[in-house]
Amino acid sequence: MIFKNNEEAISAIKSNLKINEEFVEMRECSDELKALVNGDDFIEELIENIEGIESNVKAEARRKYSRSIKDLFGRIFQPIDNIYYATGGVKDYDILNPTIKAEFLNKIASIRDGKSLTEWVQDYAIKLMNTDPNGLMFLEYTTEPEIDIYPTYKSIDSIRYYESRGQMVEYVIFEPKRLDNRQFWRVVDDLTDRTFEQVGSEFNIIAELTFTHPFGQVPALICSNIQIPAEEERLSAIDNIIDISKEYARDQSFLTLYKIYKANPIFWKYVQYCGDCGGTGKVEEETCTTCDGHGKMMGKSDVTGVVELPIPDDRDTPVIAPNIAGFISPDLDVWKQYSEELNILEEKMYKTHWGTSYGIQNVSNVEKTATEIIYNKQPLENQLNKYADFIEYVEWKFCEWILNFYDLGKNRNESRITINLGRRYIVEGYDTLLERYEMSVKAEENSVVLDKLFSEYLSAKYRNNPIDLQINLLKMRIEPYLHLPLQTVLTIFGNEEAQRKVLYQKWWQSVVDYSKSEEVLTAEFNAWFELNKKVVAPPVAPITK
């Protein structure tokens, strides 16, 4: 959207002198999400007195000693890292002018704080999606003292109003900055970045802070792509587990308080009367100097931490035999139940968010076949794909705007960038994947499953070494009888094919050019094998007379 003139922009400001009720709700939502996920103002936002259940004193103690649940979300979000280690994908920058291409690539390689654009998006986009879904990721730029362009985060608290267009916006009005009795309003549309000064009811354009920007669109993306139908408000990706996470926070606060109240066993003992005064506290009408008039031996411990029992003096008084002292232990059943309930809630949250219990540590460790595991993993990968789609779009759109900044002759709406993230996720460690592969070989799973498991194992093992990964994937694709044990090959296919499997390892060590195709390398191995195989004469039948 383009405001035809300054008056239209001023009219938009006047329509939003009072913050829209929907934007008030967006801010409240963001405060709650930041408390849950980041632990920001956790006590103030989430720990409340439960009417009719606890006293004000206990509620205050719970608020004082409760801790945030950001560690819980750290565990729930852990699978997201798999997006950044996934193999495959492509990034293509179709920029014809070599000078512009060099400037563009140099900028996205170090966009802000030493981070590349990819790293910035990975560090911020999904976090903002889950904590401030209605905020904006916004591209700022300067021309003086030097030309620079960089991404920023504009929280919903800093935004007075915007009108959405998909994940983009038609225009945005930022929260005014106040100075004395003046206010300064910034309004950005698809063409112009304007700043107005408001004094009373009058608005005046500030020319030195108003300019035509080069992006062709408002360079802003809403932090979430999940929208409530027919409403402006966007949702966090964790919207369906917000209520249960608040329940988790409450239960954890009760457990913390229970541990504080009950964790220390209470010491008990039978009363030890003073031998000098016989328990009266007096010796010849004077205060007993041995017990200071208490009539019993006090010891050095804090009497407030001791429960004293009278010495049994008749048959009706129960005796805690054979001890004369001991400890009263807390009720561990309550403690255990709270802990189990927290584990149950965490597993529910994980399964609700990811669609499966795959990957969580406290689920039943029942042995499954590789086919069952791949099936159970699919919902998790589907959710990872949704996250990947989101950050893929953010990086692509920012790249297009940055290219528009450097290539002023380019059609603003023409796309020259392709960003496709890899989708072969490495969800488990390579040792776990190797164990699963070996189990599947023993179970004689089909070759499609075995190929997938072995390639996942290689991807996990060489996730930080892409060159070695490609070499080992190439080796895997041309190795004869990859998944069959040597004895099986010998039994089924005979001596020569068993030699082929054994000698392949020796031949591979001689390969130096890994750029050759699978077909060429296979042909070279076959030729080498014919020269190096051993011909075994068939057994001679015994001579019979």
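Quick caveat, the model's predicted, so the values are computed rather than measured.

Quick notes on the overall build of the protein
When helices and strands are counted, the protein shows 17 helices and 19 strands. Taking all contacts inside the protein whose residues are at least 6 apart in sequence as the whole, residues at least 24 apart take part in 65%. Accessible area for the protein stands at about 30800 Å²; split by element, carbon and sulfur atoms hold 51% of it.

With respect to the sheet that holds strand β11 (residues 220-222)
Taking strand neighbours across the sheet as the criterion, the 3 strands line up as β3-β2-β11 in an open arrangement whose pairing is antiparallel. Of all strands in the sheet, those with a lone pairing partner are β3 (148-154) and β11, marking the two edges. Sheet twist, expressed as the average angle between the axes of neighbouring strands with direction ignored, equals 20°. Examined bridge by bridge, strand β2 (residues 136-142) and β3 share 7 bridges and lie antiparallel to one another. If you follow E140 over to β3, its bridge partner there is Y150.

Here's the deal with the side chain of K154
Tracing the backbone through its elements, the reader meets K154 in strand β3. You can call K154 buried: its relative accessible area is 17%. Within polar-contact distance, the side chain of K154 engages the side chain of E140 at 2.9 Å. Setting aside anything within four residues of it in sequence, one finds K154 in contact with D132, G135, L136, F138, E140, I159, F174 and R186.

Here we look at unusual backbone geometry
A negative phi angle characterises most non-glycine residues, just as the trans form characterises most peptide bonds. You will see that D113, though not glycine, has its phi angle at about 55°, which is positive. Within the element layout of this structure, D113 appears in the loop between α7 (98-109) and α8 (117-131). Residues other than glycine seldom take positive phi values, yet Y481 does so here, at roughly 50°. Inspection of the secondary structure assignment puts Y481 in the loop between α14 (466-478) and α15 (486-493). For Y481, a relative accessible area of 23% puts it in the partly exposed group.

Some thoughts on the packing of aromatic side chains
All chains considered together, the criterion is met by 28 aromatic pairs. Their ring planes at 45° and their centres at 5.7 Å tell us that Y393 and W396 sit as a pair that is tilted. Here Y393 and its partner W396 are both found in helix α11 (residues 370-406), 3 residues apart, which amounts to about one turn of the helix. Residue classification places Y393 among the partly exposed residues on the basis of a relative accessible area of 27%. Assessed through its relative accessible area of 23%, W396 is described here as partly exposed. Among the aromatic residues, those joined into a cluster by ring pairs are Y504, W507, W508, Y514, F525, W528 and F529. Across the ring face of F174, the terminal group of K154 is positioned such that the distance to the ring centre comes to 5.7 Å.

Digging into the confidence of the model for the protein
Overall, the predicted model of the protein reaches an average pLDDT of 84, with 82% of residues at or above 70. Confidence drops under pLDDT 50 across residues 300-304; counting only partners more than four residues distant or on other chains, this segment forms 2 contacts.

Notes on a nonpolar patch on the surface
Residues L484, I492 and F493 make up a contiguous nonpolar surface patch of about 270 Å² in total accessible area. Looking at where I492 falls in the secondary structure, it is placed in helix α15. For I492, a relative accessible area of 56% gives the class exposed.

Structural notes on the pattern of salt bridges
For the structure on display, the rule yields 30 salt bridges. Residue E175 pairs with R160 through a salt bridge whose shortest N-O separation is 2.7 Å. With E175 in the loop between β5 (168-174) and β6 (177-179) and R160 in strand β4 (residues 159-165), this residue pair connects regions lying 15 residues apart in the sequence. Across the pair E496 and K533 runs a salt bridge, and its minimum N-O distance is 3.3 Å.

Here's the deal with the nonpolar core
The biggest cluster of nonpolar side chains holds 66 residues, and the ones touching the most others in it are F73, I83, F104, M137, Y387 and I402. For this core, the leading source of residues is α11, giving 14 residues. Excluding anything up to four places from it in sequence, I402 contacts F104, K107, I108, I111, L117, L139 and I149. Core analysis: the next-biggest nonpolar cluster, separate from the first, contains 26 residues, L136, I159, F203 and A220 among them.

Quick notes on the packing of α14 against helix α17 (residues 518-532)
Contact geometry for α14 and α17: axes closest at 10 Å, N-to-C directions at 60°. As the angle between them shows, α14 and α17 are arranged oblique. When you trace α14 past α17, the crossing you get is right-handed. Contacts between α14 and α17 involve L474, R477 and I478 on the former and, on the latter, E518, L521 and T522.

Brief notes about the environment of Y358
As for its position among the elements, Y358 is in the loop between α10 (332-354) and α11. Remark: the alpha-carbon pair of Y358 and K377, spanning 19 residues in sequence, is separated by 5.9 Å. Here R436 takes part through its side chain, which lies 3.5 Å from a polar atom of the side chain of Y358.

Details of helix α16 (residues 495-508)
In an α-helix, one turn spans 3.6 residues, which is why side chains three or four residues apart end up on the same side. Between its first and last C-alpha atoms α16 spans 20 Å; for 14 residues at 1.5 Å apiece the expected length is 20 Å, and the two agree. Of all the bends in α16, the greatest, near 30°, is centred on V502. On its buried face, α16 is in contact with α14, α15 and α17.

Description of the side chain of D148
For D148, the position within the fold is in strand β3. A polar contact of 2.7 Å, which involves the side chain of D148, links it to the side chain of K107. Setting aside residues up to four positions removed in sequence, D148 forms contacts with K107, E140, Y141, T142 and F405.

Parameters at a glance
- Residues numbered from 1 in each chain as written.
- Predicted model: local features only at pLDDT ≥ 70, side-chain atom pairs only at ≥ 80, totals over all residues.
- Heavy atoms only, no water.
- Helix = DSSP H or I, 4+ residues; strand = E, 2+ residues; numbered from the N terminus.
- Contact = heavy atoms within 4.5 Å.
- Areas by Shrake-Rupley, 256 points an atom, 1.4 Å probe, with all protein chains shown as cover.
- Pairing = 2+ DSSP bridges.
- Axes fitted to C-alpha atoms, helices over the stretch in contact; angles between N-to-C directions.
- Buried < 20%, exposed > 50% of the residue type's maximum accessible area, 1.4 Å probe, protein only.
- Polar contact = N/O pair within 3.5 Å; in protein donor to acceptor, adjacent residues only side chain to side chain.
- Phe/Tyr/Trp six-rings, centres within 6.5 Å; stacked < 30°, edge-to-face > 60°.
- Lys NZ or Arg CZ within 6 Å of the ring centre and 35° of its normal.
- pLDDT = per-residue confidence, 0-100.
- Patch = residues over 30% accessible without salt bridge, like charges linked within 9 Å, V, L, I, M, F, W, Y side chains within 5 Å.
- Salt bridge = Lys/Arg side-chain N within 4 Å of Asp/Glu carboxyl O.
- Core = buried A, V, L, I, M, F, W, Y, C linked by side-chain atoms within 4.5 Å.
- Parallel < 35°, antiparallel > 145°, perpendicular 65-115°, else oblique.
- Left-handed = near helix turned anticlockwise from the far one by under 90°.
- Expected span 1.5 Å × (residues − 1).
- Bend = angle between axes of the 7 residues up to and from the residue.

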